[in-house]
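Working through the structure, step by step
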Amino acid sequence: MRPLLYLICILTDFAAFIVIFAVSRGLAEQQVPHWYLGVVGAGLSFTAGIASLSGGWLAHRFDGRKVFVTGAALLVASILGCMAGPASRLYVPAYLLLGVGLGLIYPPMIGWLNRGDDVHANRRRVSQTLILFCVAWNFGMMCGQLTAGSLFSLGPHWTFGAALVIATVNVIIATAVAGTVSSHAPTGDAAPPPPPREAALATGFKRLSWIANLGGTFGGSLIVHLLPGLAVAIGIAPDDHGRLLGSWRAAVIATYLLLHFAGFWHFRFRFSVASQLLGVVGLLITASATSETTLFAGLVLLGQLVGFNYFSGLYYSTLGSSNENRSFAAGIHEATLATGMALGTIVGGTLGTVINQRAPYLFAAAVLTLLIGMQGVAWWRWIRPLRQDVSVPAPGAGATSHAPVASVPVMSESEIV
């Protein structure tokens, strides 16, 4: 089942980001106000956030299979509505429906990916599952952006038509996969509970990751929804714009691979802070970009932050949640990402209209800096008191059994920061 779930990840974001590129670039070329781009982008993120929370809860309490297939079907409905064009009253509502579809697909899917696994006994397996999942949907996103950039100049029917074909195939595969999943608990059979103090540490880092998600996607949302305005102002052609976004996703994927193969960052708060500070630098470079080269540098630095936040957040959400609650935890994880996206696009769009097109990136750098400070306070209150009590394996190592807590070496303060 997992290979097909990874394929669905690819197809879902392939279709979705063709639509996102086509709508945002199309509105930008029509010279709509910057605040309007922000409102439309925020609406998409807002609907995705609400749907993620709802989808996680519904998959946890009821039948995740129906939630999953409904989300895939809504992608098709969204694309059909967008094909009517900007003059249609259905255009923006149909675009927002895309967020609902995405929000309903991912929480049950993430729960199925780790179905029945004892995540604390085999962390390497958790990381392997997550890296394949993250690479899959980012590969789909990158393909969508590159495809949309290539087809955009041929006209909207070519662009949306390609998305429709991909989304239709996705519904067929999603329906087939859902038919193989048990109607019982969507996250599978219960696994042995983790050691209590280890679970407390994972839960603390899970909550820290939710705060980090807000700042990372606040800045990342500007790239997805508002960068078209800056790209048009700088004079970057649609195909070059698509390649820049593809390079951004490549940086994200490279970060996933680094985090998977190197465990130095596990339960080390300082590495999260370092990644976020690099993201601040990336936003500042993007704000001052006057060419494709400088814009590329800014996007790469911001891309590594998006990659770090997503992978580490999903890793800690998996370790810090019981088997039966994993779909709901995934929903919260996705909802915090969507909330940051919504706030970033609506505030950024307003600043871009009132001040200029570079102001949103400067403001996002300030917001990210503020949230780093908030995470420092939260770490001091939630995690520092556990440093002498929590036992975890050495960085990068995967436990093979639940050894007694007292028999595992205690981490020092420098190791857990």
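Because the structure is predicted, anything quoted here is derived from the model rather than measured.

Here the focus is empty space enclosed by the protein. Across all of its chains, the model carries six cavities of 30 Å³ or more by this definition. In this structure, the largest cavity is lined by 29 residues; those nearest its centre are Phe17, Trp137, Met141, Glu334 and Met341. Counting only elements with at least two residues in the lining of the largest cavity, the list comes to helix H1 (2-29), helix H2 (34-61), helix H4 (91-113), helix H5 (123-151), helix H7 (196-234), helix H8 (238-261), helix H10 (292-319) and helix H11 (326-354). No other element matches H7, which puts five residues into the lining of the largest cavity. Looking at the lining of the largest cavity residue by residue, the classes come out as 17 nonpolar, nine polar and three charged.

Moving on, we get to a nonpolar patch on the surface. A cluster of nonpolar side chains, contributed by Trp35, Val39 and Ile346, occupies part of the molecular surface with about 250 Å² of accessible area. Mapped onto the elements, Ile346 comes out in helix H11.

Moving on, we come to the packing of aromatic side chains. Counted under the stated rule, the structure contains 19 aromatic pairs. Between Trp265 and Phe311, the aromatic rings sit 6.0 Å apart at their centres with planes inclined by 70°, giving edge-to-face as the arrangement. Residue Trp265 is found in the loop between H8 and helix H9 (269-287), and its partner Phe311 is found in helix H10; the two are separated by 46 residues along the sequence. No difference in accessibility class separates Trp265 from Phe311, as the two residues are buried.

On to the nonpolar core. Generally speaking, nonpolar side chains in soluble globular proteins are found buried as a group. In this structure, Met109 and Phe133 are the most contacted members of the largest nonpolar core, which totals 112 residues. Per-element tally for this core: the top contributor is H1, with 17 residues.

Considering the arrangement of structural elements, one finds Pro238 in helix H8. Considered as a pair, Pro238 and Leu151 are 87 residues apart in the sequence and their alpha carbons are 9.4 Å apart. Beyond its immediate sequence surroundings of up to four residues, Pro238 is in contact with Phe21, Arg25, Glu29 and Gly149.

Helix length check: H10, at 28 residues, gives a terminal C-alpha distance of 40 Å against a target of 40 Å (1.5 Å per residue), a fit within 8%. Judged by how many residues are buried, H10 sits mostly within the fold: 21 of 28 residues are covered.

Here the focus is the side chain of Ser52. Examined against the element boundaries, Ser52 turns out to sit in helix H2. By relative accessible area, which is 5% here, Ser52 ends up buried. Those residues in contact with Ser52 that sit more than four places away from it in its chain are Gly103, Pro107, Gly331, Glu334 and Ala335.

A few words on unusual backbone geometry. A positive phi angle, near 55°, is found at Phe267, a position not held by glycine. Tracing the sequence through the fold places Phe267 in the loop between H8 and H9. For Phe267, a relative accessible area of 1% puts it in the buried group.

With that out of the way, let us pick up the packing of H1 against H8. Put simply, H1 and H8 touch, their axes get as near as 13 Å, and they point 135° apart. With respect to H8, the axis of H1 lies oblique. Crossing hand, H1 versus H8: right-handed. In this structure, H1 uses Phe21, Arg25 and Glu29 to contact H8, whose residues at the interface are Pro238, His241, Gly242 and Leu245.

Another point: the pattern of salt bridges. Applying the stated rule across the entire model yields one salt bridge. For Arg243, the salt bridge is made with Asp240, and the minimal N-O distance between the two is 2.1 Å. Taken as a pair, Arg243 and Asp240 lie in helix H8 at a separation of three residues, close to a single helical turn. Judged by relative accessible area, which is 42%, Arg243 ranks as partly exposed.

As a further point, take helix H12 (residues 359-382). If you check H12, its first and last C-alpha atoms are 34 Å apart, about what 24 residues at 1.5 Å a residue would give, namely 34 Å. Within the sequence span of H12, burial applies to Ala359, Pro360, Tyr361, Ala364, Ala365, Val367, Leu368, Leu371, Ile372, Gln375, Ala378 and Trp379.

Packing of H9 against H12 leaves a shortest axis separation of 8 Å and a crossing angle of 170°. The orientation of H9 with respect to H12, classified from their angle, is roughly antiparallel. Note on element contacts: H12 touches H9 through Tyr361, Leu362, Ala364, Ala365, Leu368, Thr369, Ile372, Gln375, Gly376 and Trp379, opposite Phe269, Ser272, Val273, Gln276, Leu277, Gly279, Val280, Leu283, Leu284, Thr286 and Ala287.

Another point: the side chain of Ser272. One can find Ser272 in helix H9. The residues contacting Ser272, other than those within four sequence positions of it, are Phe308 and Gln375.

With that out of the way, let us pick up the confidence of the model for the protein chain. Regions with low pLDDT carry predicted coordinates that are not meant to be interpreted in detail. Scored by pLDDT, the protein chain has a mean of 82; 85% of the residues are at 70 or more. Taken element by element, the protein chain is modelled with least confidence in helix H13 (residues 413-416), mean pLDDT 47, and with most confidence in H9, mean pLDDT 95. Throughout residues 390-415 the model reports pLDDT below 50, and contacts reaching past four residues in sequence, or to other chains, amount to 52 contacts.

How each quantity is defined
Here the residue index of a chain counts from 1 through its sequence in written order. The predicted origin of the model limits local features to residues at a pLDDT of at least 70 and limits the giving and counting of side-chain atom pairs to 80 or more, whereas totals for whole chains, interfaces and linings rest on all residues. With hydrogens and water set aside, each side-chain value is computed from the structure's full complement of heavy atoms. The distinction between a cavity and a pocket rests on a 1 Å grid over the protein atoms alone: a 1.4 Å probe fits inside a cavity but cannot get out, while a pocket stays open yet meets protein on both sides within 12 Å along at least five of seven lines, and a residue with an atom within 4 Å of a point counts as lining. Grid points are joined across faces, edges and corners, and a volume is the space filled by probe spheres set on the points. Elements are defined by DSSP. Helices are runs of H or I of four residues or more, strands are runs of E of two residues or more, and each kind is numbered from the N terminus. Any residue outside Ala, Val, Leu, Ile, Met, Phe, Trp, Tyr, Cys, Pro, Asp, Glu, Lys and Arg is labelled polar, Gly included; the first ten of those are nonpolar and the last four are charged. Residues form patches when they are more than 30% accessible in relative terms and have no salt bridge. Like charges link within 9 Å. Nonpolar side chains (Val, Leu, Ile, Met, Phe, Trp, Tyr) link within 5 Å. Values of accessible area rely on a 1.4 Å probe in the Shrake-Rupley scheme; residue burial ignores everything except the protein chains shown. Any Lys or Arg side-chain nitrogen found within 4 Å of a carboxyl oxygen on Asp or Glu counts as a salt bridge. Here the aromatic set is Phe, Tyr and Trp, taking the six-membered ring for Trp, and pairing holds for ring centres within 6.5 Å; pairs whose planes are under 30 degrees apart are stacked, those over 60 apart are edge-to-face, and all others are tilted. Accessibility here uses a 1.4 Å probe with only protein chains present; expressed as a share of the type maximum, an area under 20% marks a residue as buried, one over 50% as exposed, and anything in between as partly exposed. Buried residues of nine kinds, namely Ala, Val, Leu, Ile, Met, Phe, Trp, Tyr and Cys, make up a nonpolar core once their side-chain atoms join them within 4.5 Å. Contacts were defined at the residue level, with two residues in contact if any of their heavy atoms lie within 4.5 Å. One less than the residue count of a helix, multiplied by 1.5 Å, gives the span that helix is expected to have. To get an axis, a line is fitted to the C-alpha atoms, and for a helix only the part in contact is used. The angle between two axes follows their N-to-C directions and goes from 0 to 180 degrees. What sets the label is the angle itself: under 35 degrees gives roughly parallel, over 145 gives roughly antiparallel, 65 to 115 gives roughly perpendicular, and the rest give oblique. Helix crossings are classified by the rotation of the near helix relative to the far one: an anticlockwise turn of less than a right angle makes the crossing left-handed, while a clockwise turn makes it right-handed. Residue-level confidence of the predictor, termed pLDDT, takes values from 0 up to 100.

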